[in-house]
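One letter stands for each residue in the lines below.
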Amino acid sequence: MTAANPVKITVTGAAGNIAYSLLWRIANGDVYGKDQPVELALLEIESALDGAKGVAMELLDSAFPLVRKITVTADPKEAFDGTKAAFLVGAMPRTKGMERADLLNANAKIFTEQGRAINDYAARDVRVLVVGNPANTNALIAANNAPDLNPSQFNGMMRLDHNRALAQLAGKTGHNTDEFTRFVVWGNHSASQFPDVAFAEVDGRPVADLIDDRWYAEDFIPTVANRGAEIIEVRGKSSAASAASAAVDHMHDWIHGSDGQWRTAAIPSDGSYGIDEGLIAGLPTIAKDGTWEIVHGLELTEAQKERIEASVQELRDERAAVADLLK
Ligand code: NAX
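Only a predicted model underlies this, so the values are computations on that prediction, with no experimental measurement involved. Per chain, the residues get numbers from 1 upward, laid out in the order the sequence is written. Per-residue local features of the predicted model are confined to residues with pLDDT of at least 70, and side-chain atom pairs are confined, for both listing and counting, to 80 or more; whole-chain, interface and lining totals are unaffected and use all residues. Only heavy atoms go into the side-chain values, all of them from the structure, while hydrogens and water stay out.

1. Considerations on a negative patch on the surface
Each patch is built from salt-bridge-free residues with over 30% relative accessible area, joining like charges within 9 Å and nonpolar side chains (Val, Leu, Ile, Met, Phe, Trp, Tyr) within 5 Å. Reported accessibility uses the Shrake-Rupley method at a 1.4 Å probe radius. Residues are deemed covered only where the shown protein chains occlude them. Between Lys or Arg on one side and Asp or Glu on the other, a salt bridge is scored when a side-chain nitrogen of the former is within 4 Å of a carboxyl oxygen of the latter. By the counting rule applied here, Lys and Arg register as positive and Asp and Glu as negative, while His and the ends of each chain are not counted. Note on charges: their place is set at NZ of Lys, CZ of Arg, CG of Asp or CD of Glu. Judged by side-chain charge, Asp75, Glu78, Asp81 and Glu113 come together as a negatively charged surface patch. The way it works is that DSSP assigns letters per residue, a run of H or I at least four long becomes a helix, a run of E at least two long becomes a strand, and they are numbered from the N terminus. When you line up the elements, Glu78 lands in helix α3 (residues 76-80). Burial classes: relative accessible area under 20% of the type maximum marks a residue as buried, over 50% as exposed, and values in between as partly exposed (1.4 Å probe, protein chains only). Judged by relative accessible area, which is 39%, Glu78 ranks as partly exposed.

Structure follows, in structure tokens:
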């Protein structure tokens, strides 16, 4: 038996693929810890409420000792009221013939509404992780619509890209994923991202010494950047359990810290590394005392700057496409 008061955690898109893994990991105590009871709020659109209710029934049937309450709702106010951690997973999928701008606009409406509801009803120290794509720009929209909160309370998820890259490096070098340090994925959660091994080390040795330039440029970078599409091709469905796992990793480290280790989190830029202040971009970060700190003072080569700039330009273009929704 645990004595602590439950913390409220909200998951949107609760009837979807990712939530079907994510909710079980949260209920198991993988985010806040095995001693922290949780109250789960599942937000869905009206037409998918039955699906979310079924998920809640299965969660109940799993008899997790930490789960004290489950709410299923289509009302953002009810879902976010008092919440300490929000996983914004629910989003409009890209359908055939849809342009990127259409996708941005369809999702912009969702994240405007949810940003406002979080601003008005969530706990003042709420942490918001946006998973739904385009994740970085959706996080920017939500943060902009929450003027009473600090933009740093809104992150975009790039931990899946980070984890995918570690898995590729582990496969190539024979080391375990947790042996790699000082690795980062810069920029946008999209094919323009830059998984960067220039600073990475394993056992105190530069990773660059263990891999050849050709594999790095022609295999590693495109494999990581296009992994989502590859999963769809092979599995017939988009990444779900790996995305949920990455979301748990991100929120866990944000809350508990990363023991001085670099992680990739998409957080508001402070203007470092040529990334416009305020853009939510993948950056080298260390989680400490409940917040992400950007790793400063890294010397970038021209080649690194070029790759970062290309991804950041895409983020600028996305921001421009939704400019009317930003305050
Ligand atoms: P699904 O289509 O299975 O589920 C999405 C759910 O969101 C649906 O049940 C839908 O009804 C719900 N939804 C739509 N609008 C909503 C709203 N306004 N409020 C609450 N719920 C709403 O998608 P799933 O596979 O779970 O993926 C969810 C999102 O994650 C997608 O946008 C996807 O592109 C994105 N991803 C992001 C990743 C990342 O690394 N940042 C990786 C995995 C994934 O591709």
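2. So, the packing of helix α4 (residues 100-121) against helix α10 (residues 302-321)
Interaxial distance between α4 and α10 falls to 10 Å at its minimum, and their mutual angle equals 60 degrees. With respect to α10, the element α4 is oriented oblique. Relative to α10, α4 is oriented so that their crossing is right-handed. Every residue of α10 that contacts α4 at Arg100, Leu104 and Asn105 is listed here: Glu314, Glu318 and Ala321. Under the scheme applied here, ten amino acids are nonpolar (Ala, Val, Leu, Ile, Met, Phe, Trp, Tyr, Cys and Pro), four are charged (Asp, Glu, Lys and Arg), and all others, including Gly, are polar. Of the residues belonging to the contact of α4 with α10, the class tally is two nonpolar, one polar and three charged. Note on method: axes are straight lines fitted to C-alpha atoms, helices fitted across the in-contact stretch only, with angles between N-to-C directions ranging 0 to 180 degrees. Oblique is the label for any angle not covered by the other classes, which are roughly parallel (under 35 degrees), roughly antiparallel (over 145) and roughly perpendicular (65 to 115). Each crossing gets its handedness from the near helix: less than a right angle anticlockwise from the far helix is left-handed, clockwise is right-handed. We call two residues in contact whenever any of their non-hydrogen atoms come within 4.5 Å of each other.

3. Comments concerning the site of the ligand
Close to the ligand lie 24 residues, the nearest being Asn17, Ile18, Glu44, Val131 and Asn133. Distance and chemistry together define a polar contact, namely a pair of N or O atoms within 3.5 Å, with one atom able to donate a hydrogen and the other to accept it when in protein, and with adjacent residues in sequence counting only for side-chain atoms on both sides. Measuring from an oxygen atom of the ligand, one finds a backbone N or O atom of Asn17 at 2.9 Å. Isolated, the ligand exposes 880 Å² of accessible area, and the fraction of that covered by the protein chains is 82%. Looking at the shell around the ligand, the elements that each hand over two or more residues are α1 (17-27) and α4. Across the shell around the ligand, the residue classes tally to 13 nonpolar, ten polar and one charged. In this entry, domain limits derive from an automatic or database-based domain assignment. Two domains share the shell around the ligand, each providing at least three of its residues, namely domain 1 (7-156) and domain 2 (158-323). Nearness of a residue to a molecule or strand requires only that one of the residue's heavy atoms be within 4 Å of it.

4. Quick word on the environment of Ser239
Its location among the elements puts Ser239 in the loop between α8 (227-235) and α9 (241-256). Since its relative accessible area comes to 11%, Ser239 is described here as buried. Residues Ser239 and Asp35, spaced 204 residues apart in sequence, show a C-alpha to C-alpha distance of 30 Å. Not counting chain neighbours up to four residues away, the residues in contact with Ser239 comprise Ile18, Leu160, Arg164, Gly228 and Ile231. Of the polar contacts made by the side chain of Ser239, one reaches the side chain of Arg164; its length is 2.9 Å.

5. Some words on the nonpolar core
We call a set of buried residues a nonpolar core when its members are Ala, Val, Leu, Ile, Met, Phe, Trp, Tyr or Cys and they connect through side-chain atoms within 4.5 Å of each other. With 105 residues, the main nonpolar core has Leu40, Phe87, Trp186 and Phe220 as its most contacted residues. The dominant element in this core, judged by the number of residues it contributes, is α9, at eight residues. The residue makeup of this core includes at least three contributed by each of domain 1 (7-156) and domain 2 (158-323). Apart from residues no more than four positions distant in its own chain, Leu40 is found in contact with Ile9, Leu23, Ile26, Ala27, Leu59, Val67, Lys69, Ile70 and Thr71.

6. Some words on the side chain of Gln114
Structurally, Gln114 can be placed in helix α4. Judged by relative accessible area, which is 7%, Gln114 ranks as buried.

7. Some words on the sheet that holds strand β10 (residues 201-202)
In this scheme, strands are said to pair when DSSP sees at least two bridges between them. Here three strands make up an open sheet; going across it, the order is β7-β10-β11 and the pairing antiparallel. With one partner strand each, in any of the chains shown, β7 (180-181) and β11 (205-206) form the two edges of the open sheet. In the sheet, β7 pairs with β10 via two bridges, with the strands oriented antiparallel. Note that in β10 the partner of Thr181 across the bridge is Glu201.

8. A closer look at the domain arrangement of the protein chain
When cut into domains, the protein chain gives domain 1 (7-156) and domain 2 (158-323). Distance from the C-alpha centre of domain 1 to the C-alpha centre of domain 2: 23 Å. Listed by partner, the interface residues are 33 residues for domain 1 and 34 residues for domain 2. Buried area: the accessible surface (1.4 Å probe) lost by two parts on joining, summed over both. Interface area, domain 1 with domain 2, both sides summed: about 2,700 Å², of which 64% is carbon and sulfur.

9. Quick look at the packing of aromatic side chains
Aromatic pairing here means that ring centres of Phe, Tyr or Trp (its six-membered ring) are within 6.5 Å. Orientation follows from the plane angle: under 30 degrees is stacked, over 60 is edge-to-face, and everything else is tilted. If you walk through the whole model with that rule in mind, you get six aromatic pairs. Residues Phe183 and Phe220 carry aromatic rings whose centres are separated by 6.4 Å and whose planes lie at 80 degrees to one another, so their mutual orientation is edge-to-face. Taken together, the positions of Phe183 in the loop between β7 and β8 (184-186) and Phe220 in helix α7 (residues 213-225) put the pair 37 residues apart, joining distant regions of the chain. Across the pair, exposure class does not vary: Phe183 and Phe220 are buried alike. Over the ring of Tyr121 we find Lys77, and its NZ or CZ is 5.0 Å from the ring centre. Consider the ring centre and the ring normal. A charge sits over the ring if Lys NZ or Arg CZ is within 6 Å of that centre and within 35 degrees of that normal.

10. A few points about the UniProt feature "binding site: NAD(+)" (unreviewed entry) in the protein chain
UniProt positions are given in the numbering used here, feature names are shortened, and annotations may be inferred rather than shown by experiment. Under the local residue numbering, the UniProt record ascribes the feature "binding site: NAD(+)" (unreviewed entry) to Gly13, Ala14, Ala15, Gly16, Asn17, Ile18, Ala19, Asn107, Gln114, Val131, Gly132 and Asn133. Mapped onto the secondary structure, Ile18 falls in helix α1. What makes Ile18 buried here is its relative accessible area of 17%. Residues in contact with Ile18, not counting those within four places in the same chain, are Val89, Val131, Ser239, Ala240, Ala243 and Ala244. Locating Gly132 in the fold gives a position in the loop between β5 (127-130) and α5 (135-144).

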